[in-house]
Amino acid sequence: MKVDHAEQASIVTRFPHHKEVYRMFLAKDWMAHLCLAPQYGLPACTKVPRTLVDRDPQRAAGTALAALTALKRARGDASSQVEVGVAKLGFSWEAMDV
């Protein structure tokens, strides 16, 4: 039985955490969610849809750089224009795709 099916049947799954917490860590969503919180000291981070990367890699890169620039400005670094960055794949298992 899948976790979704169990939860649809009102069976709460949380060993030791709810499935949303696992998804946040496995998908590496936590960086994008927390990068604007100064207490964590994380670099600016954004997510780009894989379909955009597949269809138009140049546009995807431009979109990502613009988003990173906007994030840095939102954190108070108005002078920084992001021109380079690092891309990581979500859901990479044992860092094999990094």
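Fair warning: this is a prediction, and the values are worked out from it, not measured in the lab. (Residues numbered from 1 in each chain as written. Predicted model: local features only at pLDDT ≥ 70, side-chain atom pairs only at ≥ 80, totals over all residues. Heavy atoms only, no water.)

Draft legend 1. Looking closely at the side chain of aspartate 29. Take aspartate 29: it is sitting in helix α3 (residues 29–34). Overall, aspartate 29 belongs to the buried group, its relative accessible area being 13%. Sequence-distant contacts of aspartate 29, that is, excluding residues within four places in its chain, are made with Met24 and Lys47. (Helix = DSSP H or I, 4+ residues; strand = E, 2+ residues; numbered from the N terminus. Buried < 20%, exposed > 50% of the residue type's maximum accessible area, 1.4 Å probe, protein only. Contact = heavy atoms within 4.5 Å.)

Draft legend 2. Examining the environment of threonine 63 more closely. Positionally, threonine 63 belongs in helix α5 (residues 57–74). When the C-alpha atoms of threonine 63 and threonine 46 are compared, they prove to be 9.7 Å apart, with 17 residues separating the residues in sequence.

Draft legend 3. Local environment of α5. With 18 residues, α5 should reach 26 Å at 1.5 Å per residue; the first-to-last C-alpha distance of 26 Å fits that figure. For α5, the elements touching its buried residues are α4 (50–55). Downstream of α5 by one or two residues, glycine 76 has phi in the positive range, about 100 degrees. (Expected span 1.5 Å × (residues − 1).)

Draft legend 4. Fine view of the pattern of salt bridges. Under the definition given, this model contains 3 salt bridges. The residue aspartate 54 makes a salt bridge to arginine 50 at a minimum N-O spacing of 3.7 Å. Of the two residues, aspartate 54 and arginine 50 both sit in helix α4, 4 residues apart, roughly one turn of that helix. Take aspartate 54 and arginine 50: they sit in the same class, and that class is exposed. (Salt bridge = Lys/Arg side-chain N within 4 Å of Asp/Glu carboxyl O.)

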